[in-house]
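Residue-level structural notes
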Amino acid sequence: MTARIERIDALEILDSRGNPTIRVNVHLDNGITGTASVPSGASTGENEAVELRDGDAGRYGGKGVRKAVENVEGRISAALKGRDPLDQAELDQIMIDLDGTPTKADLGANAILGVSQALCRAAAATSGMPLYAYLGGVGATHLPIPMMNVLNGGKHADSGMDFQEFMIYPHGAPSFAEALRYGAETFHALKKILTKQGYSTGVGDEGGFAPKLKSNDEACDLIVEAIEAAGYRPGADIAIALDPAASSFFEEGVYRLSRSGQGDLSSDDIVALFRRWVEKYPIVSIEDSHAESDWAGYSAITAALGDRIQIVGDDNLVTNTRFIAKGIAEKACNAALIKLNQIGTVSETVSAIQMCRKAGWAYVISHRSGETEDPFIADFAVAMGGGQIKTGSACRSERIAKYNRLLEIEHALGSRAVLGA
Ligand code: PGA
Ligand code: ZN
């Protein structure tokens with residue numbers, strides 16, 4: 001007999017930054033409950049789906065999510081009650097229609113996504129399958145190579161770096177477990193180097209170190225040194241991936257590198273800078289090199305470097321087929337960052353990925369800087385098979401939860417597991 005949705009409840013919990021977020025429980029009439037928690041970004045794109053916050057200054061500085069909880073327990077629960085949890089696309093569409101706004105501003109994308117993800121979990125459990133197999137089928141055997149954010153700057157840390165993320169990418173490893181080991185060992189080598197040079201080793205929002213370095217270049221130099229100190233070959237075993245998140249330092253039409261004292265750069269200067277860096281450092285991927293409004297800048301860097309490295313769009317594409325289509329038409333990138341809460345349902349996220357695949361684009365499944373212990377994206381990354389995940393450094397349990405889940409999945413897949421796309 002088909003299971004039916006009996007009731008949906010939700011609660012306000014805290015994310016890794018101590019801000020409220022939502023956890024949703026979907027209860028089925030066969031006794032199964034699917035649970036999911038929703039993350040939250042700091043360097044958000046302007047066209048992201050709306051995260052509904054209470055705006056009551058007397059609670060959590062206005063960041064409470066009681067209204068989103070109310071929307072789940074009231075209108076959404078009533079609309080989905082009695083439905084088959086396996087009808088994911090249909091149920092997501094019911095919520096999209098119930099909301100009625102283009103940005104999910106009425107019910108809140110946090111409320112809708114929490115339900116959408118919890119539905120997947122309930123449906124997977126009812127089907128007797130692990131989440132990655134339920135979402136990805138028998139072909140879901142590809143583990144993602146982790147982009148590990150070992151130096152945090154921009155809006156994620158009060159460090160010396162204008163650029164938000166300096167990541168290591170252990171693409172030379174033979175398995176996910178080995179890739180994670182390469183990354184963790186390099187992270188520890190970097191800590192030793194920073195300590196020796198008198199830098200702080202406190203970490204930022206995504207678990208990377210946040211030292212007051214003298215320049216953005218120094219960050220790359222230190223990473224190369226750490227890769228070697230850990231016994232790996234820069235480029236061959238471990239490469240570098242960057243997310244400058246350039247919208248966060250784009251002011252009055254210029255790229256203002258004020259923290260590092262490197263002055264104001266034009267859109268073309270940014271292209272020239274990364275052209276030099278790609279020559280000098282083993283960089284394989286650059287995300288948001290330009291501000292989200294500077295589409296010409298994205299197209300210029302893709303024209304200059306797109307045949308050599310991955311150019312990823314995040315803030316400009318916001319996991320939305322409307323903007324990904326524009327990016328494809330304008331050759332603005334050759335890859336997309338994929339964040340479920342930028343668009344607000346699992347089905348729409350899958351559509352965004354399908355559009356990338358059709359265009360021959362790569363895609364990277366990503367966490368947010370404000371995370372929870374929910375490892376949903378680990379299963380989702382294996383299910384989607386794109387071969388890349390961005391989920392932080394080698395510390396902070398909200399990041400490690402995803403890595404540990406990927407280890408578990410690789411273990412379960414045994415000899416069928418493959419690293420990368
Ligand atoms: P966010 O940062 O979660 O703060 O938006 C992640 C990113 O820019 O990729
Ligand atoms: Zn980004």
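Residues numbered from 1 in each chain as written. Chains lettered and ligands numbered in written order. Predicted model: local features only at pLDDT ≥ 70, side-chain atom pairs only at ≥ 80, totals over all residues. Heavy atoms only, no water.

**Considering the packing of aromatic side chains**
The tally for this structure, following the rule as stated, stands at 14 aromatic pairs. Geometrically, the ring pair formed by phenylalanine 250 and tyrosine 255 is tilted, given 4.5 Å between the ring centres and 45° between the ring planes. With relative accessibility at 0%, the residue tyrosine 255 sits in the buried group. Put simply, the rings of Phe163, Phe166, Phe249, Phe250, Tyr255, Phe274, Trp277 and Tyr281 pair up and form one aromatic cluster. (Phe/Tyr/Trp six-rings, centres within 6.5 Å; stacked < 30°, edge-to-face > 60°. Buried < 20%, exposed > 50% of the residue type's maximum accessible area, 1.4 Å probe, protein only.)

**With respect to the sheet that holds strand E1 (residues 5-14)**
Read from one edge of the open sheet, 3 strands run E1-E2-E3, paired in antiparallel fashion. Each edge of the open sheet carries a strand with a single partner, namely E1 and strand E3 (33-37). Within the sheet, the average angular offset between the axes of one strand and its neighbour, ignoring direction, is 15°. In terms of strand pairing, E1 meets strand E2 (residues 20-28) through 9 bridges, oriented antiparallel. From the neighbouring strand, isoleucine 13 faces E2, where its bridge partner is threonine 21. Together, E1 and E2 form the strand contacts of helix H1 (residues 66-80), whose direction differs from that of E1 by roughly 170°. (Pairing = 2+ DSSP bridges. Helix = DSSP H or I, 4+ residues; strand = E, 2+ residues; numbered from the N terminus. Axes fitted to C-alpha atoms, helices over the stretch in contact; angles between N-to-C directions. Contact = heavy atoms within 4.5 Å.)

**Quick notes on the sheet that holds strand E8 (residues 250-251)**
Read across the sheet, 3 strands follow the order E8-E9-E10 without closing on themselves; strand pairing throughout is antiparallel. Unpaired on one side and paired on the other, E8 and strand E10 (263-265) mark the two borders of the sheet. Across 2 bridges, E8 lies against strand E9 (residues 254-257) in antiparallel orientation. The residue bridging glutamate 251 from the neighbouring strand is valine 254, located in E9.

**Digging into the pattern of salt bridges**
Taken as a whole and assessed by the stated rule, the structure comprises 30 salt bridges. In this structure, glutamate 48 engages arginine 368 in a salt bridge whose closest nitrogen and oxygen atoms are separated by 3.1 Å. With glutamate 48 in the loop between E3 and H1 and arginine 368 in the loop between strand E14 (362-366) and helix H12 (376-384), this pair connects stretches of sequence that are 320 residues apart. Arginine 368 matches glutamate 48 in its accessibility class, with the two residues each being buried. When the shortest N-O distance is used, the salt bridge between aspartate 374 and arginine 121 registers 2.8 Å. Of this pair, aspartate 374 sits in the loop between E14 and H12 while arginine 121 sits in helix H3 (residues 109-127), placing them 253 residues apart in sequence. (Salt bridge = Lys/Arg side-chain N within 4 Å of Asp/Glu carboxyl O.)

**Remarks on the domain arrangement of the protein**
Its domain assignment divides the protein into domain 1 (5-128) and domain 2 (136-419). On a C-alpha basis, the centres of domain 1 and domain 2 stand 27 Å from each other. Listed per partner, the contact involves 34 residues of domain 1 and 30 residues of domain 2. Put simply, domain 1 and domain 2 have 5 salt bridges between them. Joining domain 1 to domain 2, the criterion identifies 21 residue pairs in polar contact (both at pLDDT 80 or more). If you list the elements that add at least two residues to the side of domain 1 that touches domain 2, you get E2, E3, helix H2 (88-99) and H3. It is H3 that provides the largest number of residues to the side of domain 1 that touches domain 2, a total of 7 residues. For the side of domain 1 that touches domain 2, a count of residues per class yields 12 nonpolar, 13 polar and 9 charged. (Domains from an automatic or database assignment. Polar contact = N/O pair within 3.5 Å; in protein donor to acceptor, adjacent residues only side chain to side chain. Nonpolar A, V, L, I, M, F, W, Y, C, P; charged D, E, K, R; others polar.)

**Things to note about the coordination of the zinc ion (ligand 2)**
Around the zinc ion (ligand 2), the protein supplies Asp243 (OD), Glu287 (OE) and Asp314 (OD) as donor atoms, at distances of 2.0 to 2.2 Å. The sequence pattern formed by the donor residues of the zinc ion (ligand 2) is D-x43-E-x26-D. Taken as a pair, aspartate 243 in strand E7 (residues 239-243) and aspartate 314 in the loop between strand E12 (310-313) and helix H9 (321-329) lie far apart in primary sequence, 71 residues in all. For aspartate 243, a relative accessible area of 1% puts it in the buried group. (Donors = N, O, S within 2.8 Å, 3.2 Å for Na, K, Ca; no water.)

**Some details on the side chain of asparagine 149**
Among the secondary structure elements, asparagine 149 is positioned in strand E5 (residues 145-152). Note on asparagine 149: relative accessible area 1%, which makes it buried. At 2.8 Å, the side chain of asparagine 149 forms a polar contact with the side chain of glutamate 206. Every residue in contact with asparagine 149, bar those within four places of it in the chain, is listed here: Gln164, Glu165, Phe166, Met167, Glu206, Gly207, Gly208, Gly392 and Ser393.

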